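A look at the structure
Listed below, chain by chain, are the residues.
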Amino acid sequence: MTIRATTAGILLAITGCQTPPPDAPPPNVVLIISDDQAWTDFGFMGHEVIRTPNLDQLAAQSAVFTRGYVPSSLCRPSLATMITGLYPHQHRITGNDPPRGVKRDRMLKHIAQVPTLPKLLGERGYRSLQTGKWWEGNCRCGDFTDGMTHGDPARGGRHGDDGLKIGRETMQPIYDFVDDCGTQPFFLWYAPFLPHTPHNPPERLLEHYKDLGISERVARYYAMCEWFDETCGQLLGHLETRGLRENTIVLFAVDNGWIQRPNRRGFAARSKRSPYEGGVRTPIMVSWLGHVAPGHHEALASTIDLAPTILRACGASGSDSLPGRDLIAEATTDTESKRAIFGEIFSHDVADIDRPSQSLRYRWSIGGRWKLIEPTDVQATPELYDIVTDPHEEHDLASSQADRIKKMRQQLDGWWRPDRTQ
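So, here is what we can say about the structure in this document.

**Digging into the sheet that holds strand β11 (residues 360–367)**
Note on sheets: strands pair through backbone hydrogen bonds, and any given pair is parallel or antiparallel. The sheet built from four strands is open, its strands ordered β10-β11-β12-β13 with antiparallel pairing. Across the chains shown, the open sheet's two edge strands, defined by having one partner strand only, are β10 (340–346) and β13 (383–386). Across this sheet, the average inter-strand angle for adjacent strands is 15°, counted without regard to direction. In this sheet, β11 lies alongside β10 in antiparallel orientation, the contact comprising seven bridges. Counted as the bridge partner of Phe346 is Leu360 from β11. Sheet strands in contact with helix α12 (residues 402–415) are β10, β11, β12 (370–375) and β13, and its direction is about 70° off that of β12.

**Let's talk about the nonpolar core**
Within the largest apolar cluster, 57 residues are counted, with the highest numbers of intra-cluster contacts made by Phe187 and Trp189. Met148, Ile174, Leu235 and Leu236 belong to the second-largest nonpolar core, a separate cluster that totals 46 residues.

**A short note on the pairing of strand β2 (residues 63–69)**
Most of β2 is tucked away, with seven of its seven residues classed as buried. As judged from the five bridges shared by β2 and strand β7 (residues 281–287), these two strands associate in the antiparallel manner. Bridge pairing in β7 links Phe65 to Ile284. Judged from the three bridges that link them, β2 and strand β8 (residues 295–297) form a sheet pairing that is parallel. Bridging across to β8, Val64 finds its partner in His296. Sheet topology places β2 next to strand β9 (residues 301–302); two bridges connect them, and they run parallel. From the neighbouring strand, Gly68 faces β9, where its bridge partner is Ala301.

**Overview of the environment of Arg127**
Note that Arg127 resides in strand β3 (residues 127–132). Of the residues examined, Arg127 reaches a relative accessible area of 3% and is grouped as buried. Considered as a pair, Arg127 and Asn28 are 99 residues apart in the sequence and their alpha carbons are 9.6 Å apart. Within the local environment of Arg127, its side chain forms a polar contact with the side chain of Asp146, the two groups lying 3.0 Å apart. A distance of 2.9 Å separates polar atoms of two side chains, one belonging to Arg127 and the other to Asp180.

Cut-offs and rules
Throughout this document, residue positions are counted from 1 along each chain, in the order its sequence is written. Where local features are concerned, this predicted model is filtered to residues with pLDDT of at least 70; where side-chain atom pairs are given and counted, the filter is 80 or more; whole-chain, interface and lining totals use all residues. Side-chain figures throughout are based on the complete set of non-hydrogen atoms in the structure, without hydrogens or water. In this analysis, strands are considered paired if DSSP registers two or more bridges between them. Elements are defined by DSSP. Helices are runs of H or I of four residues or more, strands are runs of E of two residues or more, and each kind is numbered from the N terminus. Every axis in this analysis is a line fitted to C-alpha atoms, fitted for helices over the stretch in contact. Angles between the N-to-C directions lie between 0 and 180 degrees. We call two residues in contact whenever any of their non-hydrogen atoms come within 4.5 Å of each other. Side-chain atoms within 4.5 Å link the members of a nonpolar core, which is a set of buried Ala, Val, Leu, Ile, Met, Phe, Trp, Tyr and Cys residues. For every residue, the accessible area (1.4 Å probe, protein chains only) is compared with the maximum for its type, and the residue is labelled buried under 20%, exposed over 50%, or partly exposed between those bounds. We define a polar contact as two N or O atoms separated by no more than 3.5 Å, with the added condition that, inside protein, one atom must be a possible hydrogen donor and the other a possible acceptor, whereas residues neighbouring each other in sequence contribute only through side-chain atom pairs.

Here is the structure:
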């Protein structure tokens, strides 16, 4: 099922990368987004049990930022950041659901007020397809030319509706779209409802994990991760079959983390919706064969960087006004950056749809090896971790690092002070 605009495009030459000839066609763009998966839960990130052969192969063809992050560890604000290149407090989409008694469609005004990737790429002649998770009403609300999500609350529209069939039930809408584009460049948003609950993987995948001495709930989650990987292989395989892989930029990230509780439903406290590594950390990959050298990078990266990376590579406007960096350029420098990255955690349900500060629970920042978590609760104290030696944040060093906390708090306030804005 699809809902449906023109041609042209210029490829921006990236300093330090192999530059395509002037008459080269503009690159296609595929953004793959995992839904609820921990940063550790991939073969290429060192997991010894979960099988992810297709993403492992993509990693071998990518600049992989192993220290990647999402600004907010909840799906709606996280996805809105990927499609706009703005922080949640800037695009004002901070939670999944509106305040009690407020209609969902009142939240849609925010996506309409900011340029999206499909809109900016559309100005360069791109068609765009939305599949999978999408919270902002009809796919047209995000300026997609084509899509699966109708967004009508009366027909179950909330976070993707018909779009959630992608991956779990079919890949055909993607195949049809890619084939119908012909020589016209395209942007593909692949955000399947995987490995998100319900954890109901195919039995053929679950069988592998049943006898490994892990709980059934963990086994099901692991099998879901493999199912997601399998669908990524199907997508990339179609591009390969159609001869499109070499001129397609493939980017990958997770919307937020997930640590499966072994004997209960749901996620562990320090994962989804939290400011901890289990919630906000994700590998970020950029693959452009012949243009971006494969390799793993320790430099900090954020999904705030996805939009400017895509826009600059495709010669589209808008990247200079965004807060993120060009990851293709970052990959070519291959030097340790002095960069600090920032994030914000909000309540699941929005307190005030126009005032992000009213829903704020935490701000956090990372500089080098140090991570500061700053709660809004006046009764709570800040936390500080050396996440290079302590990636699972088991040792809070705040009590012995007052000067470091002061400096990092100043950086955090320089990024966003909620008490001075709405």
